[in-house]
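The primary structure of each chain is shown beneath.
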Amino acid sequence: MISTLFRFSLGRLSLGRLSRRRFAIPSALLGLGILACSLLFLSGGSAHGQPATVSTDPADIAAGASLFTEHCESCHGFQGQGGVPGATPLVNVGAAAADFYLTTGRMPLNNPGNQPLRHHPFFTNQQIGQLDAYINALPDITGIGQHGPDIPTITPLCATATPAPGCVTLSEGQQLFAINCAQCHQAAGSGGMLSKGNVVPGLHNANIVQAAEAMRIGPMPMPIIGPNQLSDDQVSAIAHYVQYLHLPNDKGGLGITHFGPVAEGFVGILAGFCILLFAARMIGTRG
């Protein structure tokens, strides 16, 4: 009797160990899947920039010229008049373009043929201001063309949801974003991919000024959205809505990284797999 009980206990113990081994690999795969999904859709935090003005101080312009000669002239040419193939002439791009590409770390670029993507800024804020001042002054220095778009001044949000003169609302920004931006940047601003390998960046790291600048200058592959298409107030409304997307109010439940069907499908597959695994375990135990 004791021997039978002992063998029975050993059998149950062996089955338990076997069951744990069978579930160890699926559990590890699930854990790796969850970790990979978390790392993939983790946003880098929001950035709240304030409107900046372009300096016209000769000292700042001279300092910017020195920085330009050292870091930019090899591609963009003398006084920004064009250099190597693929590098855009900068004489008439304006301060908004310089500020956008420098504050988002898209410039300097190792290869002019590559799509500029967001990185940590190479220059300090002071140096960026000096380069902005120099590039803004290039039409006057060279006598070529006109000034490009200036760094936008952002119209403030209304205190209430009711539109009023001199301010904009989030609802207006949401509507404009859905019509003009969501097709590429995705409804929650998470970005995506286009043909020919072009990357549509997510907007969760763009501050309010960068969002407005991007619309006015059209960084590749984004088109330029000029004042004839969207007014300054409409651009401001979209920029405010982009800031809202950094930490939206998820009234409908969990945001699930705000990436839409991809993350929601992963959660559905994960939950369904767990249910099937549990059902298989129960059937196997009863058998």
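Higher on the page you've got the structure.
As a starting point, this report considers the structure included with it. (Residues numbered from 1 in each chain as written. Predicted model: local features only at pLDDT ≥ 70, side-chain atom pairs only at ≥ 80, totals over all residues. Heavy atoms only, no water.)

Quick look at the packing of helix H4 (residues 94-103) against helix H8 (residues 208-217)
- Running from N to C, H4 and H8 cross one another at 125 degrees; their axes reach a closest spacing of 9 Å. Classified by the angle their axes make, H4 and H8 are oblique. The hand of the H4/H8 crossing is left-handed. For the pair H4 and H8, the contacting residues are Ala-96, Ala-97, Asp-99, Phe-100, Tyr-101 and Thr-103 in the first and Val-209, Gln-210, Glu-213, Ala-214 and Ile-217 in the second.
- A breakdown of the residues in the contact of H4 with H8 according to their chemical character gives seven nonpolar, two polar and two charged. (Axes fitted to C-alpha atoms, helices over the stretch in contact; angles between N-to-C directions. Helix = DSSP H or I, 4+ residues; strand = E, 2+ residues; numbered from the N terminus. Parallel < 35°, antiparallel > 145°, perpendicular 65-115°, else oblique. Left-handed = near helix turned anticlockwise from the far one by under 90°. Contact = heavy atoms within 4.5 Å. Nonpolar A, V, L, I, M, F, W, Y, C, P; charged D, E, K, R; others polar.)

Quick look at unusual backbone geometry
- Residue Met-107 is joined to Pro-108 through a cis peptide bond whose omega torsion reads 0 degrees.
- With respect to the secondary-structure elements, Pro-108 resides in the loop between H4 and helix H5 (125-142).
- With an omega of 5 degrees, the peptide bond between Met-220 and Pro-221 qualifies as cis.
- Residue position: Pro-221 is located in the loop between H8 and helix H9 (232-246).
- A positive phi angle, close to 55 degrees, is found at Gln-79, a residue other than glycine.
- In this model, Gln-186 sits at a positive phi of 75 degrees, which is unusual for a non-glycine residue.
- In this structure, Gln-186 sits in the loop between helix H7 (182-185) and strand E1 (192-193).

Overview of the state of the cysteines
- Following the criterion strictly, the structure yields one disulfide and no others.
- Cys-75 supplies the cysteine sulfur nearest to Cys-72, a cysteine that is in no disulfide, at a spacing of 8.7 Å.
- The exposure class of Cys-72 is buried, given its relative accessible area of 13%.
- The thiol of Cys-184 is not disulfide-bonded; the next cysteine sulfur, from Cys-181, is found 9.0 Å away.
- Judged by its relative accessible area of 38%, Cys-184 falls in the partly exposed class. (Disulfide = S-S within 2.5 Å. Buried < 20%, exposed > 50% of the residue type's maximum accessible area, 1.4 Å probe, protein only.)

As for the packing of aromatic side chains
- Enumeration over the complete set of coordinates arrives at five aromatic pairs.
- The interplanar angle of 50 degrees and the centroid separation of 5.3 Å between the aromatic rings of Phe-68 and Tyr-134 together place this pair among those described as tilted. A residue pair is termed long-range when its members are at least 10 positions apart, and Phe-68 in helix H2 (residues 58-71) and Tyr-134 in helix H5 qualify at 66 residues. Neither residue differs from the other here; Phe-68 and Tyr-134 are each classed as buried.
- Ring centres of Phe-177 and Tyr-241 lie 5.5 Å apart, and the angle between their planes is 55 degrees; this geometry places the pair in the tilted category. Here Phe-177, found in helix H6 (residues 170-180), pairs with Tyr-241, found in helix H9; they are 64 residues apart in sequence, far enough to count as distant.
- You can call Phe-177 buried: its relative accessible area is 2%. (Phe/Tyr/Trp six-rings, centres within 6.5 Å; stacked < 30°, edge-to-face > 60°.)

Quick look at the nonpolar core
- Judged by nonpolar contacts, the single largest core of 24 residues is most densely connected at Phe-177, Leu-230, Ile-238 and Val-242.
- Beyond its immediate stretch of four places on either side in the chain, Leu-230 contacts Leu-176, Asn-180, Arg-216, Ile-225, Val-235 and Ile-238.
- The next biggest cluster of nonpolar side chains, apart from the first, holds 15 residues, and it includes Phe-68, Phe-123, Ile-135 and Ala-137. (Core = buried A, V, L, I, M, F, W, Y, C linked by side-chain atoms within 4.5 Å.)

A closer look at the side chain of Gln-115
- Secondary-structure assignment places Gln-115 in the loop between H4 and H5.
- Not counting residues up to four positions away in its chain, the partners in contact with Gln-115 are Gly-197, Asn-198, Val-199, Met-220 and Pro-221.

Some points on the packing of H6 against H9
- Direction vectors running N to C along H6 and H9 enclose 95 degrees, while the axes themselves pass 7 Å from each other. Overall, the two elements H6 and H9 adopt an arrangement that is roughly perpendicular. Between H6, through Leu-170, Glu-172, Gly-173, Gln-174, Leu-176 and Phe-177, and H9, the contact on the second element is made entirely by Gln-234, Ala-237, Ile-238, His-240, Tyr-241, Val-242, Tyr-244 and Leu-245.
- Here the residues of the contact of H6 with H9 sort into nine nonpolar, four polar and one charged.

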